[in-house]
Amino acid sequence: MIPNWIATPLLVMASLLTGYVHADPLQRIYNDWQVSCDNLNHCATRSSQDSQGLVLQISRDAGPEGKGSVSIDYQRNIDEQATDMAIANRLLLNGKPLNFNHREWEIGKKHIASSNRLVVNDFVNSIRDGSSIQLGGKLDPQQTLHPTISLSGLKAALMAMDQQQSREGTKSAWGSRGNKPSSSVPAAPVAPLLPHFNEPHPLTESEISAITQSTASNIENNDCSLDPAEREVHLYALSNEKALMTVNCDMGAYNQYVLGFMVSRQAPYKAENLVLAMPFKSGEDDQPPELINADFDTKTGILSTFDKGRGLGDCGISSRWLFDGKAFRLASYASEPSCDGYSRRGQWPVLWITRGA
């Protein structure tokens, strides 16, 4: 039941949602670089190989201006006294020192960042065709090799960002620069608008009892691994006509798999399998997402899922779905395919954004 999501390109068909055309989310890995672009064409690429905690991320907004940013972080937990020198004074590009002007860069001991347009453009141009960025100087305790960011795949990642933002062949392109004016780059799409959730009348004790008893036989005949006595059942009011029923089905080391049903609040309490319809293709098999670590907020009408790729929580998929009165519609979606310790606590690349959610 574990979804096949790792390193999968997100290819979608163009569609309409509440009157606006959304972009096609993209997530793909090019050698040692990962690219993630949301439905508003905001793109970010980062080094994703094992670099002992040294990570470079480059991001860019959609549109003619295409504001960009760069950050380099050293995430290794070390004794603060082990190395007094900030990483800005230790970074080498192809063996030669990188220079960071304190007036143009935000510089900390383990962090470097800039959103200055000229600075970001110059930096990207300087490293695009390089081979590696290495943290020189004294090795930290228990290290045998200098932390190194491979630049293999960076140019392909930048070209993918250009293509996603229709920036190819323009003067502002990072990977496929040309002579077309930057003004030819289209503006960012508008985020889809979701309706407001109308909080229904709460379920009564008699409704809860009737629905539970009516659907119990169906629940017992599924392929869940949990013993029937351990399958907790939860009921939530969706509208004055419909309710959401979830049943704990399987339990892993850090993920709980849940079955979902849309149930009528009136006899004969007909129950239908809950199917979450994605507005874009989220994998090669294009299967609907599973309810993993699912939770429902009765005040907002938001159903959330949180699928951890491993116990550390540095990779996986999370989503939020709003009930619009008839069905659940995707409100937000985030995915981190690289289990490399960078994205902790579920702060994964966002691929779908809406308004009003």
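The preceding data block contains the structure.
So, here is what we can say about the structure in this document. (Residues numbered from 1 in each chain as written. Predicted model: local features only at pLDDT ≥ 70, side-chain atom pairs only at ≥ 80, totals over all residues. Heavy atoms only, no water.)

## Comments concerning the side chain of Arg 46
On the secondary structure map, Arg 46 appears in strand E5 (residues 43-47). In this structure, Arg 46 is in contact with Asp 32, Trp 33, Gln 34, Val 55, Leu 56, Gln 57, Glu 336, Ser 338, Asp 340, Tyr 342 and Ser 343, ignoring residues within four places of it in sequence. (Helix = DSSP H or I, 4+ residues; strand = E, 2+ residues; numbered from the N terminus. Contact = heavy atoms within 4.5 Å.)

## Considerations on the pairing of strand E7 (residues 68-74)
Counting buried positions along E7 yields six of seven residues, so the element is predominantly enclosed. In this sheet, E7 lies alongside strand E6 (residues 54-60) in antiparallel orientation, the contact comprising seven bridges. When the bridges of E7 are listed, Leu 56 appears paired with Ile 72. Relative to strand E11 (residues 111-114), E7 runs antiparallel, the two sharing four bridges. By the bridge assignment, Ser 71 is partnered in E11 with Ala 113. (Buried < 20%, exposed > 50% of the residue type's maximum accessible area, 1.4 Å probe, protein only. Pairing = 2+ DSSP bridges.)

## Considering the state of the cysteines
Per the counting criterion, the structure on display carries three disulfides. What pairs with Cys 37 in a disulfide is Cys 43, and their sulfur atoms sit 2.1 Å apart. A torsion of 115° about the S-S bond marks the disulfide between Cys 37 and Cys 43 as right-handed. Residue Cys 37 is classed as buried on the basis of its relative accessible area, which comes to 0%. (Disulfide = S-S within 2.5 Å.)

## Observations concerning the sheet that holds strand E10 (residues 106-107)
One open sheet holds the seven strands; their spatial order is E3-E4-E5-E6-E7-E11-E10, and the pairing between them is antiparallel. Of all the strands in the sheet, just strand E3 (26-30) and E10 have a single pairing partner and so form its edges. Across five bridges, the pairing between E3 and strand E4 (residues 33-37) is antiparallel. Of the residues in E4, the one forming a bridge with Gln 27 is Ser 36. Sitting on the sheet, helix H1 (residues 117-127) is in contact with E6, E7 and E11, with an inclination near 65° to E7. Helix H2 (residues 154-164) rests against E3, E4, E5 and E6 of the sheet, and its axis sits at about 170° to E5. (Axes fitted to C-alpha atoms, helices over the stretch in contact; angles between N-to-C directions.)

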